[in-house]
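For reference, the chains in residue letters:
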Amino acid sequence: MFKDNWIQILAELERKGEPCVMVTVVEHKGSTPRDSGTKMLVTEQGCYATIGGGHLEYKALKLARDMLLTGNTQVKVERFNLGASLGQCCGGMASIMLEPVVRARHHLVLFGAGHVAKALVHILATLPFRITWIDEREAEFPAESIANVTQVVSDDPVGEIPSQPANSFYLVMTHNHQLDLELCAHILKRNDARYFGVIGSQTKRKRFDYKLKERGFNDADLTKMICPIGLSEVSGKHPAEIAVSVAGELIREYQRQAPSAKLDQGIKDISATQRIEEVTCDE
């Protein structure tokens, strides 16, 4: 009895922003493990539902994970002769379609729910971001929920930093300069931000540099903090203009960072799983 609960699984993966590839048997002839229309979902670490097992499923898993590791977003169709090319006893033919259906999302931690943050969140929610939005003031958050945004009301925003995932994007734009400074110190201390920006002027930057050096941070540490934030080509002080500028900078940042280390590790993971046990087509 096959558990084809891929619809519920897909909804959960979408909610978590976990990338996956949907594998569909789009054509079958003769004896095959599963019929046309059968689907399974493949993530970097897991597989949900099945297209029947055996070498066909193994090949599909490898192709899907290659797509995830390389960031390939193009639909791919592969045709297999189960007897001649895969050595399965079925002897039929199957074509499979591999379709990336959930994009990878970058995790962004946004501190502050002021005018710029509110304008920015609505832009970032349309981009491949999963956002943790933190503020002390519950009333400042919009009443309606926003897709891919988790609102956190916290009396201690600084205390939220240790629980954030590694390689997160950070934006600090609270209503309190002293709170901004404390957040900056703790984010720098973590030393694992993929991007770290603080809203403010050059004057604020100089003041923060001075105060952070008093706490033991050096010039190399401070280069990891971007302040002011936003694209220099975009001028204007309206919250929407600043938000567009900051969004542009974030887009530039995630587009230029190649996941080479992740790719190398992923190739090792795939090699380690090649000893998959093959099963026959007999059901």
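I will try to describe carefully the structure that is included in this document. Given the structure is predicted, the values throughout are model-derived calculations rather than measurements.

## A word on the packing of helix α4 (residues 177-190) against helix α5 (residues 202-214)
Close contact between α4 and α5 brings their axes to 11 Å; oriented N to C, the two are set at 55°. Overall, the two elements α4 and α5 adopt an arrangement that is oblique. When the axes of α4 and α5 are compared, the crossing they make is right-handed. Here His 177, Asp 180, Leu 181, Cys 184, Ala 185 and Leu 188 of α4 come into contact with α5, specifically with Lys 204, Arg 207, Phe 208, Lys 211 and Leu 212. Partitioned by chemical class, the residues of the contact of α4 with α5 number six nonpolar, one polar and four charged.

## Things to note about the side chain of Ser 168
By the secondary structure assignment, Ser 168 is in the loop between β8 (149-153) and β9 (169-172). Its relative accessible area of 1% is what places Ser 168 among the buried residues. In contact with Ser 168, other than residues within four places in its own chain, are His 107, Val 109, Asp 192, Ala 193, Arg 194 and Tyr 195.

## Quick word on helix α2 (residues 54-70)
Here α2 is 17 residues long and its end C-alpha atoms lie 25 Å apart, about the 24 Å a rise of 1.5 Å per residue gives. Most of α2 sits out of view: 13 of its 17 residues are buried. Within two residues after α2, Gly 71 carries a phi angle of roughly 75°, on the positive side.

## So, the packing of aromatic side chains
Enumeration according to the criterion identifies four aromatic pairs in this entry. Geometrically, the ring pair formed by Phe 129 and Phe 169 is edge-to-face, given 5.5 Å between the ring centres and 90° between the ring planes. Of the two residues, Phe 129 sits in strand β7 (residues 129-135) while Phe 169 sits in strand β9, which places them 40 residues apart along the sequence. Relative accessible area serves as the criterion here: at 0%, Phe 129 is assigned to the buried category. According to the relative accessible area criterion, Phe 169 is buried, its value standing at 0%. Feature note: the residues Phe 129, Phe 169, Tyr 195 and Tyr 254 constitute an aromatic cluster, connected by ring pairs. Stacked on the ring of Trp 6, the Lys or Arg Lys 39 has its end atom at 5.6 Å from the ring centre.

Reading the values: rules and limits
Residues numbered from 1 in each chain as written. Predicted model: local features only at pLDDT ≥ 70, side-chain atom pairs only at ≥ 80, totals over all residues. Heavy atoms only, no water. Axes fitted to C-alpha atoms, helices over the stretch in contact; angles between N-to-C directions. Helix = DSSP H or I, 4+ residues; strand = E, 2+ residues; numbered from the N terminus. Parallel < 35°, antiparallel > 145°, perpendicular 65-115°, else oblique. Left-handed = near helix turned anticlockwise from the far one by under 90°. Contact = heavy atoms within 4.5 Å. Nonpolar A, V, L, I, M, F, W, Y, C, P; charged D, E, K, R; others polar. Buried < 20%, exposed > 50% of the residue type's maximum accessible area, 1.4 Å probe, protein only. Expected span 1.5 Å × (residues − 1). Phe/Tyr/Trp six-rings, centres within 6.5 Å; stacked < 30°, edge-to-face > 60°. Lys NZ or Arg CZ within 6 Å of the ring centre and 35° of its normal.

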